[in-house]
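Structural overview for review
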Amino acid sequence: RGRILGFLGPNGAGKTTTVEILEGLRDPTAGEVRVIGADVRHGYAKIRGRVGVLPQDFAPFDRLRPREAVRYWAALMNRSLSKAEAASILETVGLTSRADTYAMNLSGGEKRRLGIAMALVGEPDLVFLDEPTTGLDPSARRDLWGLVRGLKQNGKTVVLTTHYLDEAEQLADHVAIMNKGKIAARGTPEDLISRHGGGTLEDVFLRVVGARIAEG
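In short, a report on the structure. Note that the coordinates shown come from a computational prediction; the quantities given were computed from them, not determined experimentally. (Residues numbered from 1 in each chain as written. Predicted model: local features only at pLDDT ≥ 70, side-chain atom pairs only at ≥ 80, totals over all residues. Heavy atoms only, no water.)

1. Topic: a nonpolar patch on the surface
- Taken together, the side chains of Phe61, Tyr72, Trp73, Leu76 and Met77 define a hydrophobic patch exposed on the protein surface, amounting to about 440 Å² of accessible area.
- Its location among the elements puts tryptophan 73 in helix 3 (residues 66-76).
- Assessed through its relative accessible area of 32%, tryptophan 73 is described here as partly exposed. (Patch = residues over 30% accessible without salt bridge, like charges linked within 9 Å, V, L, I, M, F, W, Y side chains within 5 Å. Areas by Shrake-Rupley, 256 points an atom, 1.4 Å probe, with all protein chains shown as cover. Salt bridge = Lys/Arg side-chain N within 4 Å of Asp/Glu carboxyl O. Helix = DSSP H or I, 4+ residues; strand = E, 2+ residues; numbered from the N terminus. Buried < 20%, exposed > 50% of the residue type's maximum accessible area, 1.4 Å probe, protein only.)

Encoded structure:
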């Protein structure tokens, strides 16, 4: 609780498959997987409302305003969200001043913020963010970093999949590097850097995986 896990790996390592299993979107073919104490095969319905997801390919409803989008998303999840609750979520992600702007007129960073707002419907304990800053300019990326840190400060557990190693180094309390379907290294960024010869997290990645990460 209140920590950020950075989940890294080269393309094809198995990250997406693993995350989709953890999100309850894909059945595991072997082994045991538990999320917030629930077996994903049989007990996910009990905890689904405690999990929020921002998928990598999130695209907002162009003709909805953020204020409408979060309430519509809540309705799709069979939840009732008051105007005040919707306003509170938008305040959390810094979209109060843009609450009545059509999504198609939001900037790239604002659209990602809206995606996070929708993931926060229901006040989840666990939030999956799949490459939340991909395609954003450096300023927007750093703005999103502040938002992710805010989720941690509010006691959320965050699983952050990213292709930006500096992002993982800045945000993650713990890092897991996957290669060829297995966790090749895990630990705090500081521990990993120390154990693998110093430098940066990118240097660790190169030594563990043997290739640079492909930024997507």
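Moving on, there is more to tell.
2. Overview of the layout of surface pockets
- Counted as a void, the largest pocket has a volume near 630 Å³.
- Around the largest pocket, the lining comprises 30 residues; the ones closest to its centre are Leu5, Phe7, Thr18, Leu22 and Val33.
- For the lining of the largest pocket, the elements supplying multiple residues, two or more each, are strand 1 (4-8), helix 1 (15-22), strand 2 (34-35), strand 5 (126-130), strand 6 (157-161), strand 7 (174-179) and strand 8 (182-187).
- Sorting elements by how many residues they give to the lining of the largest pocket places helix 1 first, with five residues.
- When grouped by side-chain class, the residues that make up the lining of the largest pocket number 17 nonpolar, six polar and seven charged.
- Put simply, the second largest pocket is a space of about 450 Å³. (1 Å grid on protein atoms, 1.4 Å probe; cavity = no way out; pocket = protein on both sides within 12 Å on 5 of 7 lines; lining within 4 Å. Points joined across faces, edges and corners; volume = space filled by probe spheres on them. Nonpolar A, V, L, I, M, F, W, Y, C, P; charged D, E, K, R; others polar.)

3. Some thoughts on the sheet that holds strand 1
- Spatial strand order, 4-5-6-1-7-8: six strands in an open sheet with mixed pairing. Where the open sheet ends on each side, the last strands, each with one partner, are strand 4 (51-54) and strand 8. Each neighbouring strand pair of the sheet contributes to a mean axis angle of 15°, computed without reference to strand direction.
- The pairing of strand 1 with strand 7 spans four bridges and is parallel. Within strand 7, the position partnered with leucine 8 by the bridge is isoleucine 177.
- Each of strand 1, strand 5, strand 6 and strand 7 touches helix 1; the most contacted strand, strand 1, lies at about 140° to it. (Pairing = 2+ DSSP bridges. Axes fitted to C-alpha atoms, helices over the stretch in contact; angles between N-to-C directions. Contact = heavy atoms within 4.5 Å.)

4. Here we look at the nonpolar core
- Val70, Leu114, Ile116 and Leu129 are the most contacted members of the largest nonpolar core, which totals 33 residues.
- Elements supplying a minimum of two residues to this core: helix 3, helix 4 (83-92), helix 5 (108-119), strand 5, helix 6 (138-153) and strand 6.
- Among the elements that make up this core, the one with the highest residue count is helix 6 (six residues).
- Not counting residues up to four positions away in its chain, the partners in contact with leucine 129 are Leu54, Ile116, Val148, Leu151, Val158, Val159, Leu160 and Thr161.
- Membership of the second largest hydrophobic core comes to 16 residues, among which are Phe7, Val19, Val40 and Tyr44. (Core = buried A, V, L, I, M, F, W, Y, C linked by side-chain atoms within 4.5 Å.)

5. Observations concerning the pairing of strand 6
- Where burial is concerned, most of strand 6 is hidden: four out of the five residues are buried.
- Note that strand 1 and strand 6 share four bridges and pair parallel. Within the sheet, the bridge partner assigned to leucine 5 lies in strand 6 and is valine 159.
- Bridge count for strand 5 against strand 6 is five bridges, and the pairing is parallel. The residue bridging leucine 129 from the neighbouring strand is leucine 160, located in strand 6.
- For the crossover that starts at strand 5, traverses helix 6 and ends in the parallel strand 6, the hand is right-handed. (Right-handed = clockwise from strand over helix to strand, strands pointing away.)

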